[in-house]
Amino acid sequence: MKTKKIKSVLITGGLGFIGLNLSQFFIQKGIEVFVLDSKNENSGYNEFHLLTLKKKGLTIIEGTIGNIHKHREILKNVDSVVDLAGLIGHLDSMKNPLADIENNTVEHIRFLENIKGFKISKIVYTSTRQVYGKQEKMPVDENATVKPLDFNGINKYSTESYYSIYSKHLNFDVVILRLSNIYGEGMHIRDKRLSFLGWFMNRIITNNPIEIFGDGLNVRDLLYVGDLVNTIYNSLVMDVSGIFNVGSDKTFTLKRIAEILVDLNPKSSIIYVPFPDVLKNIDIGSFIIDNSKAKNLLEHREIVSIEEGLKKTYEYFQKYKGYYL
Ligand SMILES: NC(=O)c1ccc[n+]([C@@H]2O[C@H](COP(=O)([O-])OP(=O)(O)OC[C@H]3O[C@@H](n4cnc5c(N)ncnc54)[C@H](O)[C@@H]3O)[C@@H](O)[C@H]2O)c1
């Protein structure tokens with residue numbers, strides 16, 4: 001596979017969970033990194049990420065991606081972009097649809113309008129497997145009909161479509177990654193709004209019981225963030241474009257995931273509670289993702305096992321929990 005050298009990259013939403021890990025990975029690769037982030041209080045933004053990345057000496061700009069025209073010097077300097085900016089709460093999107101469409105769609109259109117005339121050759125946009133909604137046929141590949149169950153899914157999907165059309169008009173390559181459940185160091189664990197796993201992690205870090213809704217037999221795949229950042233890097237340097245599912249081939253019941261966590265801290269435990277009504281309508285049930293396209297064309301690999309990844313994540317939060325709880 002043909003690869004190109006990346007000199008400098010703009011990471012939007014770089015002070016959130018994936019951005020923290022991606023920025024550090026790129027710095028290790030000797031790539032110049034510019035981070036733009038609006039420090040949105042309803043996101044996984046964390047002040048500790050800002051301090052950690054500042055120490056590494058990269059350029060951090062506070063601002064929304066729609067206002068990128070205020071930072072033309074950055075656009076002049078970068079040849080690639082990873083667009084991670086956005087809000088990820090599915091229930092939040094139902095409670096506040098306008099904030100969701102603003103940060104997940106409108107701001108990205110403003111961004112695309114503002115990069116006209118600059119020499120950006122590649123953009124990676126992180127979408128979500130939530131765009132598929134509930135599917136009958138598993139595993140779900142990229143040809144499945146998109147039918148989101150919540151506003152976040154709608155807005156992420158419409159931004160995918162804007163990216164596809166703008167890429168032809170503005171002549172850049174775009175890779176759209178539909179991510180499954182990503183976990184690891186720096187994920188949001190303060191409350192249960194952003195991911196079930198972040199909340200499970202909170203419970204074991206604080207010696208509390210993990211609550212499982214229903215019987216816990218729905219399955220999910222989890223991908224360790226260290227494996228994801230490698231695939232994002234490949235998406236930038238390889239001569240590819242298009243839409244790719246990115247997750248893990250291995251699925252686990254929620255019950256099993258909770259058991260692995262409780263093994264890490266036996267002071268925690270598992271309790272089963274009825275499924276809350278508010279979540280019933282947007283729950284996608286069991287989901288198995290087909291990653292073959294990303295494995296073939298992006299050399300997507302899952303190196304870190306769930307046991308190892310959860311252990312690393314647990315140890316990170318034991319050390320830095322003061323910044324995250
Ligand atoms: N974490 C996952 O499991 C997961 C799964 C599917 C998709 N994704 C996608 O990956 C991306 C990153 O996810 P994450 O877990 O790091 O989220 P995160 O909430 O930790 O980080 C998102 C960052 O974007 C910033 N942001 C929000 N709106 C912005 C705007 N208008 N302008 C500039 N910055 C803005 C926030 O301040 C935050 O720092 C998101 O787009 C999300 O939809 C993540």
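Here, the structure is the one placed above.
Keep in mind it's a predicted model, so treat the numbers as computed, not measured. (Residues numbered from 1 in each chain as written. Predicted model: local features only at pLDDT ≥ 70, side-chain atom pairs only at ≥ 80, totals over all residues.)

### Section: the overall build of the chain
Stage number 1. A count of helical and extended segments in the chain gives twelve helices and twelve strands.
Stage number 2. Over its C-alpha atoms the chain spans a radius of gyration of 19 Å, differing by no more than 12% from the 20 Å that the globule rule assigns to 325 residues.
Stage number 3. Dimensions of the chain, computed from the C-alpha atoms along their principal axes, are close to 55 × 45 × 40 Å.
Stage number 4. The buried share of the chain, taken over its 325 residues, is 43%.
Stage number 5. Taking contacts inside the chain between residues at least 6 apart in sequence as the whole, the part at least 24 apart equals 81%. (Helix = DSSP H or I, 4+ residues; strand = E, 2+ residues; numbered from the N terminus. Rg over C-alpha atoms; globule rule 2.2 N^0.38 Å. Buried ≥ 20, exposed ≤ 12 C-beta atoms within 10 Å, placed from the backbone. Contact = placed C-beta atoms within 7 Å.)

### Describing the sheet that holds strand β10 (residues 242-246)
Stage number 1. Read from one edge to the other, the open sheet built from seven strands follows the order β3-β2-β1-β4-β5-β6-β10, with strand pairing classed as parallel. Looking at which strands have only one partner, the edges of the open sheet turn out to be β3 (59-62) and β10. In this sheet, neighbouring strand axes are inclined to one another by 20 degrees on average, regardless of whether the strands run parallel or antiparallel.
Stage number 2. In this fold helix α1 (residues 17-28) packs onto β1 (8-12), β2 (32-37), β4 (80-83) and β5 (122-128), with an angle of close to 165 degrees to the strand it touches most, β2. (Pairing = 2+ DSSP bridges. Axes fitted to C-alpha atoms, helices over the stretch in contact; angles between N-to-C directions.)

### Describing the site of the ligand
Stage number 1. The immediate surroundings of the ligand are formed by 31 residues, with Gly13, Gly16, Ser43, Gly44 and Tyr45 found nearest.
Stage number 2. When residues in the shell around the ligand are grouped by element, the largest group, three residues, is from α1.
Stage number 3. In the shell around the ligand, the residues fall into twelve nonpolar, 16 polar and three charged. (Near = placed C-beta within 6 Å. Nonpolar A, V, L, I, M, F, W, Y, C, P; charged D, E, K, R; others polar.)

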